[in-house]
Amino acid sequence: MALSPRGAANARDLFAGIIAAIALLTLGSSQATTISLDLGASPKVSSKVMDSFDVLDGTLLLGQTLSLDFTFSDGEFVRLFTITSKPFTFLLKLQTDASGMVDFLDGTGFLVDQHGNPLQSPQQLGSASGNNGLLAAGLFPLLPGNLQRPLDFFGIHSDLTLPLDPFVFITGEKFEFLSDVGRPFGVGPGVPPDIVPDSGSTLLLFIIASFGLFTLRRPI
C-alpha cells in the first residue's frame with residue numbers, strides 16, 4: 001500500500017531518528033580523532049596558511065559531537081607574535097553534499113602545547129552556514145585576552161557538534177589560519193622569537209624581508 005506524502009514524510013523522520021539514536025549510542029564512548037594538518041614548509045611568517053584533509057569524509061550529520069585533536073606534521077608549531085592580530089582565527093570548513101543550507105555547527109576549542117596540554121580554557125566556536133552545503137566553525141583564541149605573547153602552540157583540540165540531517169554527509173574538509181595583513185604569525189621551527197608593533201609598516205616589511213633572505217642563506 002502506497003503511503004500518502006505526509007505518511008512518507010513521517011516515515012522518513014522516524015527512520016532518520018532511529019539512525020541518529022543508533023549512531024549516538026555507538027559514538028558515545030569514542031575517543032578523540034587525531035587529524036594531522038600540513039602547514040607547509042617552515043620557517044615562514046604569514047597572514048594565511050591553508051590546506052585540506054579527508055579524515056571526516058563520509059561522516060553523516062547525526063547531531064553527534066566529534067572530539068578532534070588537530071596536530072601539525074613534521075614537528076611544526078605556530079607562533080603568535082606580539083604583533084599578531086587579536087582576531088587571529090583557526091577556521092574549519094566542512095563541505096557537505098547538501099544542495100542548500102544546513103543547520104549550524106556548534107562546539108568549543110582551545111590551543112594545546114607540545115605535550116597536548118590546554119593553553120587556555122575551552123572557547124566557544126563561531127559558526128557559519130552557506131547556501132551550498134558548506135559549514136564553517138572558527139576558533140578565536142586571542143580574543144579573551146588571557147594569553148601572553150609571543151606564544152607557541154602545537155595543536156588544537158575541538159569538541160565539534162554536527163547538525164542533525166541524517167541524509168547529508170561530509171564530502172571535504174579544509175582549514176585556514178588567518179590574521180590581519182601586516183599583523184602576521186609564524187610557522188616554526190626557525191621563526192623569529194617575536195615581532196612587535198612599530199609606528200610604521202616599513203620596518204615590519206623590512207624585518208619580514210630580511211628574515212626571508214636570512215633563512216635562504218642559513219641551513220635550518
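Since the structure is predicted, the reported quantities are computational estimates derived from the model, not experimental observations.

**Topic: the overall build of the protein**
- Looking only at helices and strands, one finds two helices and 15 strands in the protein.
- Across the 220 residues in the protein, those meeting the buried criterion constitute 40%.
- Summarising the internal contacts of the protein: among those between residues at least 6 apart in sequence, 84% fall at separations of at least 24.
- When the accessible surface of the protein is totalled, it reaches about 11,600 Å², and 58% of it is carbon and sulfur.

**Overview of the pattern of salt bridges**
- Inspection of every chain in the model, using the stated rule, returns two salt bridges.
- Between Arg79 and Asp152 there is a salt bridge, with its nearest N and O atoms 2.6 Å apart. Within this pair, whereas Arg79 is found in strand β6 (residues 77–80), its partner Asp152 is found in strand β12 (residues 151–153), the two being separated by 73 residues in sequence.
- For Asp152, a relative accessible area of 25% gives the class partly exposed.
- Lys93 serves as the salt-bridge partner of Glu176, at 3.2 Å between the closest nitrogen and oxygen. One end of the pair, Glu176, is in strand β14 (residues 164–178); the other, Lys93, is in strand β7 (residues 89–96), and 83 residues separate them in sequence.
- For Glu176, a relative accessible area of 7% gives the class buried.
- The partly exposed category is assigned to Lys93, whose relative accessible area is 26%.

**A few points about the nonpolar core**
- In terms of nonpolar packing, the biggest core is built from 38 residues, with Phe70, Val78, Leu80, Leu94, Phe153, Leu160 and Phe177 touching the most fellow members.
- Once residues within four sequence positions are removed from consideration, Leu80 is found in contact with Phe88, Leu111, Leu142, Arg149, Pro150, Leu151, Phe153 and Phe185.
- The next biggest cluster of nonpolar side chains, apart from the first, holds six residues, and it includes Phe77, Phe81, Val191 and Ile195.

**Describing the sheet that holds β6**
- Spatially, β2-β15-β6-β12 is the arrangement adopted by the four strands of the open sheet, whose pairing is antiparallel. Each edge of the open sheet is held by one strand with a lone partner, namely β2 (44–46) and β12. Geometrically, the sheet is characterised by an average inter-axis angle of 25° between neighbouring strands, direction not taken into account.
- Sheet analysis places β2 next to strand β15 (residues 185–188), joined by three bridges and oriented antiparallel. Note that in β15 the partner of Val45 across the bridge is Gly186.

Cut-offs used in this document
Residues numbered from 1 in each chain as written. Predicted model: local features only at pLDDT ≥ 70, side-chain atom pairs only at ≥ 80, totals over all residues. Heavy atoms only, no water. Helix = DSSP H or I, 4+ residues; strand = E, 2+ residues; numbered from the N terminus. Buried < 20%, exposed > 50% of the residue type's maximum accessible area, 1.4 Å probe, protein only. Contact = heavy atoms within 4.5 Å. Areas by Shrake-Rupley, 256 points an atom, 1.4 Å probe, with all protein chains shown as cover. Salt bridge = Lys/Arg side-chain N within 4 Å of Asp/Glu carboxyl O. Core = buried A, V, L, I, M, F, W, Y, C linked by side-chain atoms within 4.5 Å. Pairing = 2+ DSSP bridges. Axes fitted to C-alpha atoms, helices over the stretch in contact; angles between N-to-C directions.

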